[in-house]
Amino acid sequence: MVRKEFVVDEVQRLMDKLENVRNVAIIAHVDHGKSTLTDSLVARAGLISKELAGEQRVMDFDEQEQARGITIKSANISLGFQFEGQDYLINLIDTPGHVDFGGHVTRALRAVDGVVLVVDAVEGIMPQTEAVLRQALKERAKPTIFINKVDRLINELKLDSTAMQQRFLKIIAGLNKIITMNAPKEYVDTWSIDVMKGNIAFGSAFNKWAVSAVSMKKNKLSFKDIYEKVQAGEKQFLIDKSPLDEVLLEMVIRHLPNPKFAQAYRIPVLWKNGDLTTEGGKEMLSCNAAGKTVGVCFGVVYDEHAGEVGVVRLFSGNVKKSDQLYISSKKQFSKVQQVAIYMGPDRVQAEHISAGNIGAIIGVRDLFVGETVSTEIIEPFEQIKHYAEPVITKSIEAKESKNLAKLIEVLRGIKKEDPTLKIELNQETGEHLISGMGELHLEIIEYKIRNEKKLEIKTSPPVVVYRETLTAQSPEVEGKSPNKHNKIKVIVEALPPDVMKALEDGTIPDEKPKGKEGIEKLIAAGMERDEAKGVWDIYNHNILVDATKGVQYLNEVEELIIQGFEEAMDKGPLAKEKVTGIKVTITDASLHEDNVHRGPAQMLPAIKRPIYAAMLTAGITLLEPKQKVTVNVPQEYAGNVVTLTQGKRGQLIDMQQDGEYTNIIVKMPVAEMFGFGSDLRSATQGKAIPYQEYAGYETMPKDLVANVVKKVRERKGDKPEPPSPQEFLD
């Protein structure tokens, strides 16, 4: 065992030798063995004993992670290694596998150049395996593979050597299919997985042994030897012959790129709007530590002593104490009080962090995840896109009203650490609403508030987050300001599918289109050029278009009209849920010549009221969130599972047989998922294992809408019946 301060000195020494630096994330489906695997590398670096590796799960240092046996948030550690006579630095991130915490994976992938994808040999490629691999490839992180729990194939499933190899080939073929579809075209061949290349290893993270083509050749081991030793329970022979840390280290060092090599092809993708021909652009492409400092914050940790701590990947330059950094979104400079390196649970002070490395900066206020930090004003990096949306909401309030200010402070801190959590204040009732990825996500947040922040809270039962959208186009509707001096005419309609798709996948960002490039993106998605030029605002996947000709004073009230449009999109007329997928076109307006008569109190209703009336006239409905549920169950219970899911409005997508087990894939509404786990256990005597992933929003069946709208409106303290268009027209 070594002191962490000694390790930090070593890490500082290795940082500047970029050829020997690797930034790596361990990614996988839940329970496939990431944290167990990470232990072996931490033990190899001398930070924990080798005997405890695999059981200690050193990166799951959070109390809830230990109690539940799952990783909840990403943990960073920087480790120095010796390999073939040379010193290497590996900045390692252990990420969660549970779908509710997928946001942590997405953020970690921005920081790394390569990944080790862990796949359970028994379960194979699971939904989250595919999701995290696709995300890694989108962020241009090169994959290597570790197939874990090989001993279970032999001892539990009793597969012979041939059947075992067939299973491996099936997993490799499945992974290569995902790589071919999502990797950069020029790297498909070099990034594909092949046993002979040595970019895939097999073994048991828990029992601390592994083999790859390289290690088998070096240690004169055959598949037959491995099969016989595992069958005989001689794991010590395999640990001595082919230890996991050795095989993993060799694979990471040989097959994953150093920052200098990786940034040449990653920067053009991550810094899309930046000019690569500028000095700053060239410095990032070459990962120049002597250049101007540019980095991206991919994690914020709230520390009660140090305040906010930003976890940053630097792409050029270096950061040390007292440096002034420009915070892109705040448009201001902030002073760095201290820099540090993460050692799992501990943060150890350091002298500096240099380009191509990962470290912590302390003292820079108001950082958020995805923030660009730099020594000079620079075009910000692409936003980190999360692939799922919050679908479950709870109201939360402090038990004692005197603690309201503390609750607001606590929620603000948690929101910074976890951007996938949505927090809003219900103005009518004064309660806070927290929306998360699933029941577990919200459970963990509540636990943190009660136990870590020591704040007593009351929460409501979870409710589903719906969306409002249109079923047809409205006629032209005129709205008037309360003083009757201003009139605005609008038409509302559903967005065309191609434009909606471009908004959902982030091709068109949610913001006012920037310059010519923003307009061209809208045209490419199928909008007419004149209409694209008239786009004033894009908000929550809704578009506001000005199609008026020569209206006086309109430019003076543009900001107020945009504000009114956004407020209308935040609370639709049907059930005060967010609106999505609609286009509002302003066709005409007449405005009072005196600006005293067209202030916020006049202009906000003048745009909101006709939008609401037009939506109700056109025909409005609800979208409900769905989840794709994969249930792994013994064959004899498959019928029970199908019956149960169909009773909960589940739509059967696929059934696959795998030996004695059946994989049933169903799309289910989130509203029907409450209590699904216990119903499933009853129907299968506890033998079914469900996995779920976000599957987007879909139109709710017509016959259910009225009842759901009534319940949502009553919950929000409104009268049960939705308003009529006439209520918004004078």
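Just so you know, these numbers come straight off a predicted model, no measurement behind them. (Residues numbered from 1 in each chain as written. Predicted model: local features only at pLDDT ≥ 70, side-chain atom pairs only at ≥ 80, totals over all residues. Heavy atoms only, no water.)

**A closer look at the overall build of the protein**
Of the regular secondary structure elements, the protein holds 24 helices and 33 strands. Per-residue burial over the protein gives 57% buried out of 730 residues. Looking at the protein alone, contacts between residues at least 24 apart form 72% of all its contacts between residues at least 6 apart. Approximately 31000 Å² of the protein is accessible, and the part contributed by carbon and sulfur atoms is 49%. (Helix = DSSP H or I, 4+ residues; strand = E, 2+ residues; numbered from the N terminus. Buried < 20%, exposed > 50% of the residue type's maximum accessible area, 1.4 Å probe, protein only. Contact = heavy atoms within 4.5 Å. Areas by Shrake-Rupley, 256 points an atom, 1.4 Å probe, with all protein chains shown as cover.)

**What to know about helix α13 (residues 259-270)**
In a regular helix each residue adds 1.5 Å, so twelve residues correspond to 16 Å; α13 covers only 14 Å between its end C-alpha atoms and thus falls short of that length. Within the sequence span of α13, burial applies to P259, A262, Q263, Y265, R266, I267 and L270. Looking at where α13 begins, the residue whose side-chain oxygen comes 3.0 Å from the main-chain nitrogen of K260 is N258. (Expected span 1.5 Å × (residues − 1). Polar contact = N/O pair within 3.5 Å; in protein donor to acceptor, adjacent residues only side chain to side chain.)

**Description of the pattern of salt bridges**
This model, assessed by the stated rule, comprises 31 salt bridges. Salt-bridge contacts for K512 lead to E558; the nearest nitrogen and oxygen are separated by 2.8 Å. Pair noted here: K512 is in the loop between α17 (497-504) and α18 (515-524) and E558 is in helix α20 (residues 558-570), with a separation of 46 residues, a long-range link. K719 is paired through a salt bridge with E727; the nearest N and O atoms lie 3.8 Å apart. Relative accessible area serves as the criterion here: at 46%, K719 is assigned to the partly exposed category. Each member of the salt-bridge network shares a partner with another, and the members are E84, E250 and R254. (Salt bridge = Lys/Arg side-chain N within 4 Å of Asp/Glu carboxyl O.)

**Thoughts on the confidence of the model for the protein**
Note that predicted coordinates carrying low pLDDT should not be read in detail. The predicted model of the protein has a mean per-residue pLDDT of 81, with 88% of residues at 70 or higher. Below a pLDDT of 50 lies the segment residues 1-6, which in the model reaches 13 contacts outside its immediate sequence neighbourhood of four places, other chains included. Scored below 50 in pLDDT, residues 97-102 shows 27 contacts in the model against residues more than four places distant or in partner chains. (pLDDT = per-residue confidence, 0-100.)

**Focus: unusual backbone geometry**
One non-glycine residue, K484, lies in positive phi territory at about 65°. Note that K484 resides in the loop between β24 (477-480) and β25 (487-494). Backbone geometry places R649, a non-glycine residue, at a positive phi of 60°. Structurally, the position occupied by R649 is in the loop between α22 (638-647) and β31 (651-658).

**Focus on the packing of aromatic side chains**
A full pass over the atoms with the stated rule returns eight aromatic pairs. Ring geometry for Y187 versus W191: centroids 5.4 Å apart, planes at 20°, classification stacked. By the burial criterion, Y187 is buried, and W191 matches it. Cluster of aromatic residues (ring-pair linked, three or more members): Y187, W191, F261 and Y265. Over the aromatic face of F237 sits the side chain of K229, whose NZ or CZ is 4.4 Å from the ring centroid. (Phe/Tyr/Trp six-rings, centres within 6.5 Å; stacked < 30°, edge-to-face > 60°. Lys NZ or Arg CZ within 6 Å of the ring centre and 35° of its normal.)

**Considerations on the environment of D240**
As for its placement among the helices and strands, D240 is situated in helix α11 (residues 235-241). A residue is classified by how much of its surface remains accessible, and D240, at 57% relative accessible area, is exposed. In this structure, the C-alpha to C-alpha distance between D240 and K208, residues 32 residues apart in sequence, is 9.7 Å.

**Quick word on the pairing of strand β9 (residues 307-316)**
Across the ten residues that make up β9, a large majority, ten, are buried. Relative to strand β16 (residues 358-362), β9 is paired through five bridges, and the arrangement is antiparallel. Within β16, the residue paired with V311 across the bridge is A360. (Pairing = 2+ DSSP bridges.)

**Things to note about the nonpolar core**
Grouped together as the largest cluster of nonpolar side chains are 63 residues, with contacts concentrated most on I449, I488, I561 and V584. A per-element tally of this core places helix α21 (residues 600-618) first, with ten residues. Discounting chain neighbours no more than four positions away, the residues touching I488 are V477, E478, G479, I561, I586, D588, A589, M603, A606, I607 and P610. Among the nonpolar cores identified, the runner-up in size contains 57 residues, and L133, I145, L175 and F202 belong to it. (Core = buried A, V, L, I, M, F, W, Y, C linked by side-chain atoms within 4.5 Å.)

**Focus on the side chain of S334**
Looking at where S334 falls in the secondary structure, it is placed in strand β12 (residues 332-335). Under the relative-accessibility criterion, S334 is labelled buried at 13%. In this structure, S334 is in contact with D323, Q324, L325, I327, G363, V364 and R365, ignoring residues within four places of it in sequence.

**Digging into the sheet that holds β24**
Pairing between the strands of a sheet comes from backbone hydrogen bonds, and it takes one of two forms, parallel or antiparallel. Taken in spatial order, the five strands line up as β24-β25-β29-β27-β26 in an open sheet, and their pairing is mixed. Two strands bound the open sheet, and with one partner strand each, they are β24 and β26 (535-539). Averaged over neighbouring strand pairs, the angle between their axes works out to 25° when direction is ignored. Pairing geometry for β24 and β25, over four bridges, is antiparallel. When the sheet's bridge partners are listed, E478 is paired in β25 with K489. Against the sheet, α20 contacts β25, β26, β27 (542-546) and β29 (582-590), and its axis sits at roughly 30° relative to β26. (Axes fitted to C-alpha atoms, helices over the stretch in contact; angles between N-to-C directions.)

**A closer look at the pairing of strand β30 (residues 620-634)**
Where burial is concerned, most of β30 is hidden: 14 out of the 15 residues are buried. With four bridges joining them, strand β23 (residues 467-470) and β30 adopt antiparallel strand pairing. By the bridge assignment, E468 is partnered in β30 with L622. In terms of strand pairing, β30 meets strand β33 (residues 689-699) through nine bridges, oriented antiparallel. Looking at β33, one finds that T630 is bridged to Y691.

**Side note on the side chain of E371**
Looking at where E371 falls in the secondary structure, it is placed in the loop between β16 and β17 (372-374). For E371, a relative accessible area of 2% translates into the label buried. When neighbours within four sequence positions are excluded, E371 is seen to be in contact with G295, V296, C297, I327, S328, S329 and D366.

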